[in-house]
Amino acid sequence: MFVSTRLPPSRLFAYCQRSLFTMAGAQSQLKPVNGQDRSNLIPFSSRLKEGRALIQDVWSIFAAVNLPADCINLGQGYMNFAPPKWVTDSAEEALKTVAPNHYSHPRGRIRLREALKAHYGPQLNRDLDVESEILVTSGANEGQYSVFTAFLEQGDEVIMFEPFFDQYLPSVTFNSGKPVYVPLHPPADSIKKPTSDDWTINIDELRRAVTPRTKMIIVNTPHNPVGKVFTKAELVAIAEIAEEFNLLVMSDEVYDCLTFDGKEHFRIATLPGMWDRTVTVGSAGKSFAATGWRVGWLIGPKSIIQPTLAATTRIVFCTNSPLQEATAAGLEQADKHQFFETQRAEYLERRSILCEAFDKLGLKYTLPEGSYFVLLDVSKIEIPDEYTFPETVSGRGRDFRVAWWMAYEIGVSSIPVSEFYCDEHAHIGEAYARFAFCKDNDTLRKAAERLLGLAKYLK
Ligand SMILES: Cc1ncc(COP(=O)(O)O)c(C=O)c1O
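Bear in mind the structure is a predicted one, so any value in this text is a computation, not a measurement. (Residues numbered from 1 in each chain as written. Predicted model: local features only at pLDDT ≥ 70, side-chain atom pairs only at ≥ 80, totals over all residues.)

1. A word on the site of the ligand
The ligand sits among 13 residues. The nearest are Gly-139, Ala-140, Asn-141, Asn-224 and Ser-283. In terms of residue count, the dominant contributor to the shell around the ligand is helix α5 (residues 139–151) (three residues). Partitioning the shell around the ligand into residue classes produces three nonpolar, nine polar and one charged. (Near = placed C-beta within 6 Å. Helix = DSSP H or I, 4+ residues; strand = E, 2+ residues; numbered from the N terminus. Nonpolar A, V, L, I, M, F, W, Y, C, P; charged D, E, K, R; others polar.)

2. Notes on the pairing of strand β10 (residues 373–377)
Consecutive residues of a regular strand have side chains that alternate between opposite faces of the sheet. For β10, the buried fraction is high: four of the five residues fall into the buried class. Taken together, the two bridges between strand β9 (residues 365–366) and β10 define a ladder with antiparallel strand orientation. Bridge pairing in β10 places Thr-366 opposite Leu-375. Adjacent in sequence and paired antiparallel, β9 and β10 are bridged by six residues, among which Ser-371 carries a positive phi angle near 65°. Of the strand pairs in this sheet, β10 and strand β13 (residues 432–436) are connected by five bridges, and their pairing is antiparallel. In the strand pairing of β13, Asp-377 is matched with Tyr-432. (Buried ≥ 20, exposed ≤ 12 C-beta atoms within 10 Å, placed from the backbone. Pairing = 2+ DSSP bridges.)

3. What about the nonpolar core?
The biggest cluster of nonpolar side chains holds 116 residues, and the ones touching the most others in it are Ile-217, Val-249, Val-374, Leu-376, Ala-403, Ala-433 and Phe-435. Considering every element that reaches this core, the biggest residue donor is helix α14 (residues 398–410), with six residues. Summarising the domain contributions, this core has at least three residues from each of domain 2 (58–77 + 339–457) and domain 3 (86–333). In contact with Phe-435, not counting residues within four places along its chain, are Leu-74, Leu-354, Phe-373, Val-374, Leu-376 and Ser-414. (Core = buried A, V, L, I, M, F, W, Y, C linked by C-beta atoms within 7 Å. Domains from an automatic or database assignment. Contact = placed C-beta atoms within 7 Å.)

4. A word on the sheet that holds β13
One key point about sheets: their strands pair by backbone hydrogen bonds, in either a parallel or an antiparallel sense. Read from one edge to the other, the open sheet built from four strands follows the order β9-β10-β13-β12, with strand pairing classed as antiparallel. On the outer flanks of this sheet lie β9 and β12 (415–416), each paired with one strand and no other. Note: β12 against β13, two bridges, orientation antiparallel. Its bridge partner being in β13, Ile-415 is matched across the sheet by Arg-434. Here helix α12 (residues 339–361) sits on the sheet and contacts β9, β10 and β13; the angle it forms with β10, its principal contact strand, is near 10°. (Axes fitted to C-alpha atoms, helices over the stretch in contact; angles between N-to-C directions.)

Have a look at this one:
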């Protein structure tokens, strides 16, 4: 299904309704019965019209299946290496034991909640209550969705810094919320070697974005896709606004164990008064190289966790049990294995393999101080005029075309960054492609070598 997002919403809805039906393999039902067209009998919910829920998203356009077989995938942010063996051993152990093969408490398995308490308590300076202040969810994503379900009324506004992790948008709109965007300003042109710290917020813009309908601010640090690690001063300024306007803060910290160059990850929940209005979000997928396990967690005051528990209980009832046990083992034994320190050093090496290639090419990129993404400025890459693109790509921004061309002609895939912007501001993202370096060194070296082939195509 190739759909341009630039179709007017009414046509897009009709198109997608048809296409989804066809995609679902329902062709046999498409035959007219007694002359009646049965291809579209049951209209689906109009909430799917919002939040780009129906358009083909960037992940499926740039999915491996649409790219050449030997293309190196630096697009999607999942690892091509396994979780540590001592963690997968614990998963196997859990599968051999009866209880973890069955339902868990919707709050999460007590062993994991205890492990989260031991890990996060000292960092949050709190003696966390495992019964009311910690909630295990099916990935960070479902946890965030459940917070929206629990707290948003029709038309409530949710402020997010742009570019934003793309799932926020449909998760907010499915729950009747309205996304409001505040820019992270890209580095000034004059900065020759920008870091993620050069992406800045303007606190007056944040203040101006607040209206009587604002309910929540999402802060994502370390940030996907920029890699920005918000400074304490920035978080203090955001906290002051949250306090002044009585806002809930969703602090998405899924990359909290991945900061580099001495950059300190600061938790907004530790600022004076902020515990009471902040929910901190974490993910086993990012922490233990296990994105398919779908284990995440929320930490916050009872006033936020209890309503969210009610939501998550209805949405998934509970999170898969054996992998909660394995995640608990991961947290329990991380210090013994010096796991987070080693992992950080490994990611640092991965980052430098990729960035060295961009340095050799003389291409500008944002050196990330956190997370595992590098934003490459693609505006100097010239793609041949006569190159033909599928409709999915040609209807989108220049970054989609550059990323597609790079995947086919250079052999390395990336993700176009305009996807992380609302339609109105997509042009800002068009200057960038996001490369994920959560891949093993050999893969990154091979990718780096291929990327040098860009030299012939630079303006
Ligand atoms: C910023 C951010 N938040 C949340 C998530 C979702 O995490 P999970 O896989 O645990 O649902 C991701 C995954 O890419 C992310 O980048």
